[in-house]
Every structure is written in structure tokens, then in C-alpha cells.
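# What the coordinates show
Here are the chains, one letter per residue:
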Amino acid sequence: MLLLGIISLVVGFITGISILWTIGIILAVIGAVLWIMGSMGHAVAGRRHYW
């Protein structure tokens, strides 16, 4: 999810499409939160680790 957010940010920035920029920010933040929670040892969505 983090990678998809970064790709959406880049594509939105290059093409000037603001909805892709917004979606990219949201996906990147959610992906970062899930990654941090998984690395701290918390079970995320029924998984011990989230990649």
C-alpha cells in the first residue's frame, strides 16, 4: 500500500491530476501506519507482520 501511494503521488505530480495526488497521500499514510504497527509487533488485520 505504501508503494502504491508513492506511485500515485509521482504520477499525480507529473501529470498534474490532483485527485491522484490526494489518493497517493492517503495511501502512503495508511501504508506507513500499517508498516510501523507491523514492525512494532502488533497484529495488523489478523497478521503478525504486515508487508
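Structure: above.
This text gives an overview of the structure that appears in the document. (Residues numbered from 1 in each chain as written. Predicted model: local features only at pLDDT ≥ 70, side-chain atom pairs only at ≥ 80, totals over all residues. Heavy atoms only, no water.)

For the rest of this paragraph, the subject is the environment of Val29. Here Val29 lies in helix α2 (residues 18–39). Expressed as a C-alpha distance, the spacing of Val29 and Met1, which sit 28 residues apart in the sequence, is 9.1 Å. (Helix = DSSP H or I, 4+ residues; strand = E, 2+ residues; numbered from the N terminus.)

Before going further, it helps to examine the packing of aromatic side chains. The way to describe two aromatic rings as a pair is by their centre distance and the angle between their planes. What the rule picks out here adds up to 1 aromatic pair. Where Phe13 meets Trp21, the ring centres are 6.0 Å apart and the plane angle is 40°; that geometry is what we call tilted. Classification of Trp21 as partly exposed rests on a relative accessible area of 38%. (Phe/Tyr/Trp six-rings, centres within 6.5 Å; stacked < 30°, edge-to-face > 60°. Buried < 20%, exposed > 50% of the residue type's maximum accessible area, 1.4 Å probe, protein only.)

Across its 14 residues, helix α1 (residues 2–15) extends 20 Å between first and last C-alpha, which sits within 8% of the 20 Å expected from 1.5 Å per residue. Here α1 has its buried residues at Gly5, Ser8, Leu9 and Gly12. Summarising the axial view, the buried residues of α1 lie within an arc of 105°, below the 170-degree limit, and thus occupy one face. Turned more than 90 degrees away from the buried face of α1 sit Leu3 and Ile14, all of them exposed. Among the structural elements, α2 are those in contact with the buried residues of α1. Backbone geometry just downstream of α1 places Gly16 in the positive-phi region, at approximately 80°. (Expected span 1.5 Å × (residues − 1). Arc of directions from axis to C-beta. Contact = heavy atoms within 4.5 Å.)

Next up on the list: a nonpolar patch on the surface. A cluster of nonpolar side chains, Ile6, Val10, Phe13, Ile14, Trp21, Ile25, Val29, Val33 and Met37, forms an exposed patch at the surface whose accessible area comes to about 850 Å². Those elements that provide at least two residues to the nonpolar patch are α1 and α2. (Patch = residues over 30% accessible without salt bridge, like charges linked within 9 Å, V, L, I, M, F, W, Y side chains within 5 Å. Areas by Shrake-Rupley, 256 points an atom, 1.4 Å probe, with all protein chains shown as cover. Salt bridge = Lys/Arg side-chain N within 4 Å of Asp/Glu carboxyl O.)

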